[in-house]
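Residue strings, one per chain:
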Amino acid sequence: MIAYLLRLLGSVIFVSWIVGTLVFFLIHLVPGDPVAVMLGDWANTADENALRAQLGLDQPILMQYLHYLQGLVQLDLGQSLFFQQDVSSLIAERFPMTLQLALMALAIAVLIAFPLGIWAALRAGLWPDHLSMSVSLLGVSIPNFWLGPMLILFFSLFLGWFPVSGADQDYSWVLPAITLGTALAAILARMLRASLLEVMHEDYIRTAKAKGLSGRLVYGRHALMNALLPVVTILGLQLGTLLGGAVITEVVFDWPGLGQLLVESIQRRDYPVVQACILVISVAYITVNGLTELVYAWLDPRIRIRK
Amino acid sequence: MLRYVSYSIILIWVLMAALGFWIGDQANEVMLTQFLQPPDTQALLGTDQLGRPVLERIVLGAQTSLFVAVGVVFFSAIIGTSIGVYSAYAGGWTDRIITKVIDVFLAFPGLLLAIALAAILGPGIENVVFALVVVGWVGYARLARAQTLSLRSREHILAARTLAIPTWLILFRHVVPLLLAPLGVEATFGIAGAVISEAGLSFLGLGVQAPDSSWGNMIKEGTRYLLVAPHLVLAPGIALMLVVLAVNLIGDQWRDHLDVKARHNRG
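Note that this is a predicted model, so its numbers are computed, not measured.

Observations regarding the overall build of chain A
When you go through chain A residue by residue, the secondary structure sums to 13 helices and zero strands. C-alpha extents for chain A along the principal axes are approximately 85 × 55 × 30 Å. Buried residues in chain A amount to 36% of all 307 residues. Once local pairs closer than 6 in sequence are excluded, the contacts in chain A between residues at least 24 apart make up 70%.

Written out as structure tokens, the structure reads:
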């Protein structure tokens, strides 16, 4: 188990390094001069050179890269061009907001998906199955930048139950979390249904039924627990999609998280912040994937032993 | 029944895209005297904040989304399949390196990479296609690789090799045709994904720019007038949802159709 953990940790660090390198070269090697863009058309050469020196952009690319890696190891992500603030402290302010939103969305997704998926699987081929699968197909097909405004229109403007946007008031997290959670709920419900149906044809379920166990024990203990394995994997993989979707949802609801910071920084050409946001979200995603594998190995001894 | 509805929606989508050439720029004419009009006989879906007819702009948006979807799926499928098939067939070090590259791409949240690329390349429809292809080829590569691995030691391939048929001919004539069905299903879902991603990028202001119209930037502009003119958000949103729903339904049907085991169980 220790060896497995170490290898997982190594792989997370390796992929994070690759992603960090990719992000760095993506921003630095693409044609176009960020300094010229930042200062505008009317800047004189002396100002441009001064800013370039201040940002370290006058050094060879390899030196910049080494400098960047050195900073990363010390958790120093540079200086924001817009805020006059360390990028690290800016990220530290915004990250908990995105995390809160993602966790709430995850909770909502699980709360919707489990009853829906189990109901559909138990009544496979009947109307509850068709109904819940249609609902979930609808959930997959509604983009969150449309669902968000619709929820605002109905719950905030028409009913007046929740605030329109921002994160200052109580319950302002509800609508963004629902927006973000529904797509995930739809995918999870479909996955859970398929997995349950597969498990229910296994021999051990027939044995459990033959032993005379109650329906709750057969389906709750024997079927559901085994059906959860693939669902956990999907859950982990979808968390990444959640982080990507969070970018759009945060913009819709003006939620002060990383995604909104990313989009605003792109518009302000604040490259150090853009670079850091992408890096932080990616590393979070990779870490979650690593943790998912860990949970999977813990749930299923076959994987632990085989490796 | 549902099948005919989904195919009709796709047909309407394609027809609208074709109609877009005929409408041309007249949908982008600013008529400030008639701004934010609700739907009536003059403009069937009302007008937006600059007095432009919403229906015509939706038709132009259909053109944008179809163009992006077809472009993205076409290029990602060709690039991804070539890489996947070659990797599995070559084996050895080539395969190991390509698998590692695929893993790294999969370890990166897709939409985020597309956002980053679109931000760096700047807005524009070609850049959207490029960004989505960079993200999208991985799925096809993984699928093609897995399928080719299982095909590699089939009798007809071994026979072709014994007959000294050149590798490229084996790949084209004996491997790729057998991949087309699963790749077709993947491509169908790819169309739905590309339509949503294009609208998402345009919504964030990183995709298609005004005055060109896209369902994404129509929703973005419409959210500012949500209280006075909800039709600005409703109309493009419903169009977008119907297209994605129809494509997903067709993809589901094809997948179920290909799954011989499930088909057998059903009946």
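On we go from here.
Observations concerning the overall build of chain B
Looking only at helices and strands, chain B has 10 helices and zero strands in total. In chain B, the succession of α and β elements from N to C terminus is α-α-α-α-α-α-α-α-α-α. With respect to the principal axes defined by its C-alpha atoms, chain B has extents near 75 × 50 × 30 Å. In chain B, which comprises 267 residues, the proportion classed as buried is 46%. By sequence separation, contacts in chain B at least 24 residues apart represent 67% of the contacts at least 6 residues apart.

Examining helix α6 (residues 127-141) of chain A
Taking 1.5 Å of rise per residue, 15 residues should cover 21 Å, and α6(A) covers 21 Å from first to last C-alpha, within 8% of that figure. Along α6(A), the residues that are buried comprise A:Ser132, A:Ser136, A:Gly139, A:Val140 and A:Ser141.

Details of the interface of chain B and chain A
Reports of interface size often rely on the accessible area that becomes lost once the parts have come together. The partner chain A presents 35 residues to the 30 residues of chain B that form the contact. Counting residues per element, the side of chain B that touches chain A draws most heavily on helix α9 (residues 231-258) of chain B, which supplies eight residues. Across the side of chain B that touches chain A, the residue classes break down as 24 nonpolar, six polar and no charged.

Thoughts on the packing of helix α5 (residues 125-151) of chain B against helix α7 (residues 167-203) of chain B
Residue and element names in this part refer to chain B. Contact pair α5 / α7: the axes reach a minimum separation of 10 Å and the direction vectors enclose 155°. The orientation of α5 with respect to α7, classified from their angle, is roughly antiparallel. As for how α5 packs across α7, the hand of that crossing is right-handed. Contact residues: α5 offers Val128, Leu132, Gly136, Gly139, Tyr140, Leu143, Ala144, Gln147, Thr148 and Leu151, while α7 offers Val175, Leu178, Leu179, Pro182, Leu183, Glu186, Gly190, Ala194, Ser197, Glu198 and Leu201. For the contact of α5 with α7, the per-class residue count stands at 13 nonpolar, six polar and two charged.

Brief notes about the packing of α7(B) against helix α8 (residues 215-223) of chain B
Residues and elements named next belong to chain B. At a minimum axis separation of 7 Å, α7 and α8 run at an interaxial angle of 40°. Taken together, the axis directions place α7 and α8 in an arrangement best described as oblique. As α7 runs across α8, the sense of the crossing is right-handed. Along its contact with α7, which presents Glu198, Ala199, Gly200, Leu201, Ser202 and Phe203, the element α8 presents Trp215, Gly216, Asn217, Ile219 and Lys220. The residue inventory of the contact of α7 with α8, partitioned by class, reads five nonpolar, four polar and two charged.

Side note on the nonpolar core
Counting 150 residues, the largest nonpolar core has A:Leu188, A:Cys277, B:Ala114 and B:Ile115 as the members making the most contacts within it. With residues near it in sequence (within four places) discarded, B:Ile115 still touches A:Val247, B:Leu201, B:Leu204 and B:Leu206.

Here we look at the confidence of the model for chain B
Parts of the prediction with low pLDDT should not have their coordinates interpreted in detail. Residue and element names in this part refer to chain B. In the predicted model, chain B carries a mean pLDDT of 83, and 93% of its residues have values of at least 70. Highest mean pLDDT in chain B belongs to helix α2 (residues 54-90) (89); lowest belongs to helix α10 (residues 260-266) (58). As scored by the predictor, the complex reaches a pTM of 0.83 and an ipTM of 0.78.

Let's talk about the confidence of the model for chain A
When pLDDT is averaged across chain A, the result is 79; 94% of the residues are at 70 or more. Of all secondary-structure elements in chain A, the lowest mean pLDDT belongs to helix α13 (residues 301-306) of chain A, at 62, while helix α5 (residues 87-122) of chain A reaches the highest, 86.

A short note on the environment of B:Tyr4
Here B:Tyr4 is to be found in helix α1 (residues 2-23). Overall, B:Tyr4 belongs to the exposed group, with 8 C-beta atoms counted inside 10 Å.

Regarding the environment of B:Gln49
With respect to the helices and strands, the residue B:Gln49 is situated in the loop between α1 and α2. Along the chain, B:Gln49 and B:Ile10 lie 39 residues apart, while their C-alpha atoms are 29 Å from each other.

Rules behind the numbers
Residues numbered from 1 in each chain as written. Chains lettered and ligands numbered in written order. Predicted model: local features only at pLDDT ≥ 70, side-chain atom pairs only at ≥ 80, totals over all residues. Helix = DSSP H or I, 4+ residues; strand = E, 2+ residues; numbered from the N terminus. Buried ≥ 20, exposed ≤ 12 C-beta atoms within 10 Å, placed from the backbone. Contact = placed C-beta atoms within 7 Å. Expected span 1.5 Å × (residues − 1). Nonpolar A, V, L, I, M, F, W, Y, C, P; charged D, E, K, R; others polar. Axes fitted to C-alpha atoms, helices over the stretch in contact; angles between N-to-C directions. Parallel < 35°, antiparallel > 145°, perpendicular 65-115°, else oblique. Left-handed = near helix turned anticlockwise from the far one by under 90°. Core = buried A, V, L, I, M, F, W, Y, C linked by C-beta atoms within 7 Å. pLDDT = per-residue confidence, 0-100.

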